[in-house]
Structure formats: C-alpha cells, structure tokens
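What follows is the residue order along each chain.
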Amino acid sequence: MSTKVSDHVLERLRAWGVDHVFGYPGDGINGLLAAWGRADNQPRFVQSRHEEMSAFQAVGYAKFSGRLGVCAATSGPGAIHLLNGLYDAKLDHVPVLAIVGQTHRTAMGGSYQQEVDLHTLYQDVASEFVETVTVPEQLPNVLDRAIRTAYARRCPTAVIIPGDVQELDYSPPTHAFKMVPSSLGRSEWTTVPSEESVRRAAEILNTGDKVAILVGQGAAGARAEVERLAELLGAGVAKALLGKDVLSDELPYVTGSIGLLGTRPSYELMRDCDTLLTIGSSFPYSQFLPEFGKARGVQIDLDPHMVGMRYPYEVNLVGDAKATLERLIPLIDGERGREWFETVCDNVRHWRDVLERRAELDADPVNPEYVARALDPLLPANAIVTSDSGSTANWYARHLTMRPGMRGSLSGTLATMGCAVPYAIGAKFAHPDRPVVALAGDGAMQMNGLAEMITAAKYRDLWEDPRLVVGVWNNRDLNQVTWELRAMGGAPSFEPSQELPDVQYAAFARSLGLTGIRVEKPEDVEAGWRAALEADGPAVVEFLTDPAVPPIPPHATWEQMESTVAALLRGDPDGGSVVKQGFKAKMQEFLPGRTRR
C-alpha cells in the first residue's frame, strides 16, 4: 500500500516527538483522519467540542510541557474557529502548530463551499510562518520549517493542506533544481549579551539603593539565579501574571503579582524603588512601573524585538535569562544596607494579613476571596493551576501561593475568556500523573467550560492521576466588567449585559458521571474543595459567591472606593440586592491603601 501525503504528515509529527494533536473532524481533513486510522491513532487525536478549544488545549499543553502544541481543523469554519486560541499562543509566546484543511485545488477560486482565503486569514496570527502544501515534494520542508519556527520564535505557525493533496501518493523531494530538501531536529541554543553590556548593567544595579526586580515567564528557567541576585541586591521581586510560578511566593521578598490584578506590596515596590531590573517580561502597563525618570532601568529578554519598549531602560540585555544572570551575578556588589529589603518584606507580611482578613469578611452567600483562600493550603505540592479571565483571575493572582514544584498560567496578554478548562485538559495530557485545578467564573463556564467537561469525561481513563478539579465562582454576574463599569465608568451595573442565567454547574457534571459539588455556605467551602480533590476523576465544585465583593485595584484609595460604591448605590438606592448594608464600613478597614509604606 502506497504512503499518502497524509500518512507522511503523521509520520513526520511522530519523528518530531509530537504525541498529541488536539482537533475536531471535518471533511477538509478527511485524508488526515483516514491516515490516523491507518496509524493506530499515533499521535493521539484528542477530540474537543469546538476547534477554539482544540487551540486552547494545544496552548495549555505547550505552556505546561515546554513542547510544541499541535491542533488540527477542517477548512473554512474549522480554520476560523482556531483563531482565538492561536492568538492566545501568539500573544503569550507559545509554540503551537495548526494543521488546517483546504478546499480541493481543482475548486479553489470558484467560490466553492467552505472556501476561505486562509493565507489572508492567517497572515497575522501565524505571521512568522504560514504556507500551503500543493505538491507532495513540498511537504517535509514546509512542515519542518513550521515546527522549527514555532520553537525558535515561540509562536503559532500554520500548515494548510488541500483535501486532494492529503490523498496523493507521497514522494520526497529529489536532488534537483527547485527542489527543497529538509531534515529533522533542532539543536539547543543560548543567546548571551556582550560582556560590555553586562558590565554596564552591573554598574547601574550596583548604584541602586532600592532595587526592584520584575520577572515574567521568560525567567522560568532561571529560578536559582533570580533568587541569588535578589538576595545580593536586597531587592523585592514582583511577578507578571505569566511569571506567577517563576518564584515561590513563600520567599519573604516576593511581593506577588503586579498590575491591576496585582498586590499592594508590588505597587509599593515599583512606586518607591530607584532601580528596576526586568527579566523575561513584556508586562504592558507602564502606569504600574516606576515613574519615568525616577528609577534607572535594566532589561533582560531573549527576544530583541521585545526589549526597551515598556520603560526607558538604560541597558537592554538581549539573551537567555539564566545564561545572562550567570554572567551578571559575579559583577554584583552584595555589600549594601538592608533597610529597603526589610521594608519590602514588612509590606509583604502586612499584605498577607490584609488578604486573610478580607477573605474572612462576611458576604452573601460566600465571599469569593475566601473560596480561593480556602483552596490555597489544600493544593497538592505538584499541582498545576489554570485560571480564566475575569474576577477569578484576581483571586488566583492574590490568594494562591505558588510553592516549589507547582505550575500555573492563564491567558496573560490576550486575556480571553474561556481558556481555563481547555488549558487544564491540555495540561492533563502533558502531565497525566499530576493533579490539575481550573478556576473559572460562571461567565467563562457558560461560554465553553461546560462543553469541555464532556471532553474531560471522554478522556478521564487515560490519566494516571485522575484529578481534574474545576472550581466555579457562581455569582450570576459578569463580575469583572461590572466592577470596571462602576470604577471606571462611574455607572451602576447594566443588567441586560451583565446578568447571567443561573446554571446548575455541579448537576451538569453529575449528568456526565463526574463528581459535582454545590457549595452554598461559607462553612462548606473547605469541605467542597477537599471532596473535589479526593474524587476519583474530574470534578466540578460550584460556589455561590457574592457579586458585591469588589476586585480592588492595588493602588485604590478609600476615596476612589467611596466613589465606586456611590455609583453602585445610584443604581440601587437601598443597597439591597447589589450592595449589602454595612459593606462600606466593612471594606474600609481592609482597603489595600491601609497597608504600611
């Protein structure tokens, strides 16, 4: 039996070490699906409920494995559905390959069914590499370059294969004019900056009395070096959300997340520092960085296209974080006063106390902060945590303590809704022996999380550790946007856009044969998490939470909160269904602005 182009696609993926492809079937990839049948489902085809979820699963797999994530979809609508997940990969710098079907070559240009100009459609999201395979001899070079580019540029790439090409007999490129041969593999490589630029960076850091370090996901391979540098400099370390698992939150000088969803000590760290070192982060919100001209700056980043654009850094070191820090640390003078370091640590201790007291505030029926706070000590040491966008991301950012061995991520730059559950499924295929916990709001769960619980049920028996826990904050409100309307727009909630239907999430899980737990009272929160974490398979634990507890920004003042609450009350003069009586008085004591300076 002859080898078809589709057979060679799967053979080449296996040769690259690809063991899973996340996808959804359609006649535009019928040739590939037939090849999967002939290949005994190797690499494994993981069927989602929607192509966007396939792309998210590929992103989650890549984020938590460090390997290429691969997704596949049919022509036309399938290719279009992949886009949101692929943009998530692009903006968070994750290697993902999309293999997409296309109308037969004989029909192209004839306004045929499901004919879409895929090159135009994908030219932005897969801007580093997108190509159509039109003849068999073209295949190995196109596929190899797509994979190599995805790894090298940490980006999504796309290979488009018309349906009739998939079914052609495969023949390799020959040693001939206008043939492009190819080869497998890529070597490990490291980029380092020049010695002169490292020396200049050390001079700046050595002159600083109040040094702040900001780390992102690009510092993930340099944990020990970042810790050593922080100790030498007496620095505090703030973390961009994508870098939440870079350093342990148990370290006394780690101030936690930065930005609108960040912590007060991170805000204070940036406000009061005189020197800033950014490592592996493209954190975009300059208003949370030091005032221009107040602090000297140094940046380390692997990508020369991403340096020097968030802050007026004096030195931009282009290089791998670990290799660059190894060259920088011997040049750092560790003899300096400890007053700044002690101030940072004191701010962190006080913030943790504030968070604990805020989580203990009464709410109707359950305080959403307490839900996250109760989960924190229960997380297994090797847990992987995914978070959706929305108010849930606030609680993930502030209340979960990342400890050594734990991993966590969310849609950092695109901040798209609906990623937590498919991320978790991708993580389970990357690490079937580890527990995974997904944190989702009810809006994200209604958007697509419920459907993907069907996927979790379908594949549960493949995972050595059966635990995939989905926590749902059910407050019947698109809460993050609701609070943005109040805080930024000075307006009460616009209920036609914000109010959500009341869905029985736990009951839906039970209908799939999974564990479903509904928590309606504060005293049952911890038991709910424990039961879900002890379940013998995927579990949904649903918490009825109070939409009137605000995700307070780290730089908020009481005056700003008064303005927000006043706007809220204008829409509900009695404060009944929207704001509990006494809410203002309770929150006043625990505003982040009450922390020490």
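In this text, all values refer to a predicted model and were calculated from it rather than measured experimentally.

Conventions adopted
- Residues numbered from 1 in each chain as written.
- Predicted model: local features only at pLDDT ≥ 70, side-chain atom pairs only at ≥ 80, totals over all residues.
- Heavy atoms only, no water.
- Helix = DSSP H or I, 4+ residues; strand = E, 2+ residues; numbered from the N terminus.
- Rg over C-alpha atoms; globule rule 2.2 N^0.38 Å.
- Contact = heavy atoms within 4.5 Å.
- Areas by Shrake-Rupley, 256 points an atom, 1.4 Å probe, with all protein chains shown as cover.
- Lys, Arg positive; Asp, Glu negative; His and termini not counted.
- Charge placed at Lys NZ, Arg CZ, Asp CG, Glu CD.
- Pairing = 2+ DSSP bridges.
- Axes fitted to C-alpha atoms, helices over the stretch in contact; angles between N-to-C directions.
- Core = buried A, V, L, I, M, F, W, Y, C linked by side-chain atoms within 4.5 Å.
- Buried < 20%, exposed > 50% of the residue type's maximum accessible area, 1.4 Å probe, protein only.
- Expected span 1.5 Å × (residues − 1).
- Salt bridge = Lys/Arg side-chain N within 4 Å of Asp/Glu carboxyl O.
- Phe/Tyr/Trp six-rings, centres within 6.5 Å; stacked < 30°, edge-to-face > 60°.
- Lys NZ or Arg CZ within 6 Å of the ring centre and 35° of its normal.
- Left-handed = near helix turned anticlockwise from the far one by under 90°.
- Nonpolar A, V, L, I, M, F, W, Y, C, P; charged D, E, K, R; others polar.
- Right-handed = clockwise from strand over helix to strand, strands pointing away.

Engineer: I would appreciate a short explanation of the overall build of the chain in the present structure.
Structural biologist: For the chain, the count of helices and strands is 23 helices and 18 strands. Against the 2.2 N^0.38 benchmark of 25 Å for 597 residues, the chain shows a C-alpha radius of gyration of 25 Å, consistent with a compact globule. The principal-axis extent of the C-alpha atoms belonging to the chain is close to 75 × 65 × 45 Å. In the chain, once contacts between residues fewer than 6 apart in sequence are set aside, the share between residues at least 24 apart is 75%. Split by element, the accessible area of the chain, about 23,200 Å² in all, is 50% carbon and sulfur. Positive and negative charge centroids in the chain, built from 58 and 76 side chains respectively, lie 3 Å apart.

Engineer: Is there a simple way to explain the sheet that holds strand β8 (residues 236–239) in this structure?
Structural biologist: Strand pairs in the sheet, formed through backbone hydrogen bonds, run parallel or antiparallel to each other. On the basis of which strands lie adjacent, the open sheet formed by six strands has the order β9-β8-β7-β10-β11-β12 and parallel pairing. Strands at the two margins of the open sheet, each flanked by one partner only, are β9 (254–257) and β12 (315–318). Mean inter-strand twist for the sheet, computed between neighbouring axes without regard to direction, equals 15°. Of the strand pairs in this sheet, strand β7 (residues 211–215) and β8 are connected by four bridges, and their pairing is parallel. Among the inter-strand pairings, I213 is bridged to a residue of β8, identified as V237. Together, β7, β10 (275–279), β11 (296–301) and β12 form the strand contacts of helix α9 (residues 195–207), whose direction differs from that of β12 by roughly 130°.

Engineer: Quick question: what am I supposed to make of the nonpolar core here?
Structural biologist: As a rule of thumb, soluble globular proteins bury nonpolar side chains together. Counting 54 residues, the largest nonpolar core has L82, Y122, M445 and V470 as the members making the most contacts within it. The residues touching V470, leaving out its near neighbours within four places in the chain, are V421, A438, M445, M453, A539, V540 and V541.

Engineer: Explanation requested: the sheet that holds strand β15 (residues 436–441) in the structure shown.
Structural biologist: Taken in spatial order, the six strands of this open sheet run β14-β13-β15-β16-β18-β17, and their pairing is parallel. Each of the sheet's edge strands pairs with one partner strand only, and the pair in question is β14 (407–410) and β17 (515–519). Within the sheet, the average angular offset between the axes of one strand and its neighbour, ignoring direction, is 15°. Note that strand β13 (residues 384–387) and β15 share four bridges and pair parallel. Each bridged residue has a counterpart across the sheet, and for V385 the counterpart in β15 is V437.

Engineer: Is there a simple way to think about helix α3 (residues 51–65) in this case?
Structural biologist: Because an α-helix completes one turn every 3.6 residues, residues spaced three or four positions apart along the sequence face the same direction. The end-to-end C-alpha separation of α3 is 21 Å, in line with the 21 Å expected for 15 residues at 1.5 Å each. Among the 15 residues that make up α3, 15 are buried, leaving the element largely enclosed by the rest of the structure.

Engineer: Help me understand unusual backbone geometry in this model?
Structural biologist: Most peptide bonds take the trans form, and the phi angle of most residues other than glycine is negative. Here Q42 and P43 are connected by a cis peptide whose omega angle stands at 0°. Summarising the element assignment, P43 is placed in the loop between α2 (30–38) and β2 (44–47). Positioned with a positive phi, D40 is a non-glycine residue whose angle comes to about 55°. If you check the backbone angles, N41 has positive phi at about 60° while not being a glycine. Along the chain, N41 turns up in the loop between α2 and β2.

Engineer: How do you make sense of the pattern of salt bridges when you look at a structure like this?
Structural biologist: Once the charged atoms of two side chains with opposite charge are near each other, the side chains can pair. Counting across every chain of the model gives 26 salt bridges. Between D272 and R271 there is a salt bridge, with the nearest N and O atoms lying 2.8 Å from each other. Note that K322 and E326 form a salt bridge whose closest N and O atoms lie 3.7 Å from each other. Taken as a pair, K322 and E326 lie in helix α12 (residues 321–328) at a separation of four residues, close to a single helical turn. With relative accessibility at 33%, the residue K322 sits in the partly exposed group.

Engineer: Just checking my understanding: could you explain the packing of aromatic side chains for this structure?
Structural biologist: The geometry of an aromatic ring pair comes down to the distance between the two centres and the angle between the two planes. A complete count under the given rule lists 13 aromatic pairs for this structure. Ring centres of F22 and Y61 lie 5.8 Å apart, and the angle between their planes is 55°; on these two criteria the pair is classed as tilted. One end of the pair, F22, is in strand β1 (residues 20–23); the other, Y61, is in helix α3, with 39 residues separating them in the sequence. Neither F22 nor Y61 differs from the other in exposure class; each is buried. What links up through ring pairs into an aromatic cluster is the set F22, Y61, F429, Y459 and W463. Cation over ring: R186 sits above Y151, and NZ or CZ is 3.6 Å from the ring centre. The cationic tip of R338 hangs over the ring face of F341; the distance from NZ or CZ to the ring centre is 4.4 Å.

Engineer: Any chance you could explain the packing of helix α1 (residues 5–15) against α2 here in plain terms?
Structural biologist: To characterise two packed helices, one gives the angle between the axes of the helices and the distance between these axes. Their axes nearest at 8 Å, the elements α1 and α2 cross at an angle of 60°. In this structure, the crossing between α1 and α2 has a hand that is right-handed. When α1 is examined against α2, the residues S6, D7, V9 and L10 are found in contact with a partner set consisting of G31, L32, A35, W36 and R38. For the contact of α1 with α2, the residue count by class is five nonpolar, two polar and two charged.

Engineer: Is there a simple way to explain the pairing of β13 in this structure?
Structural biologist: Where a strand is regular, its side chains alternate between the two sheet faces. Going residue by residue along β13, you find I384 and T386 tucked away on one face and V385 and S387 tucked away on the opposite face as well. Bridging between β13 and β14 involves four bridges; their strand directions are parallel. Opposite I384, over in β14, you have R407 as the bridge partner. The β-α-β motif built from β13, the intervening helix α15 (residues 391–399) and the parallel element β14 has right-handed crossover chirality.

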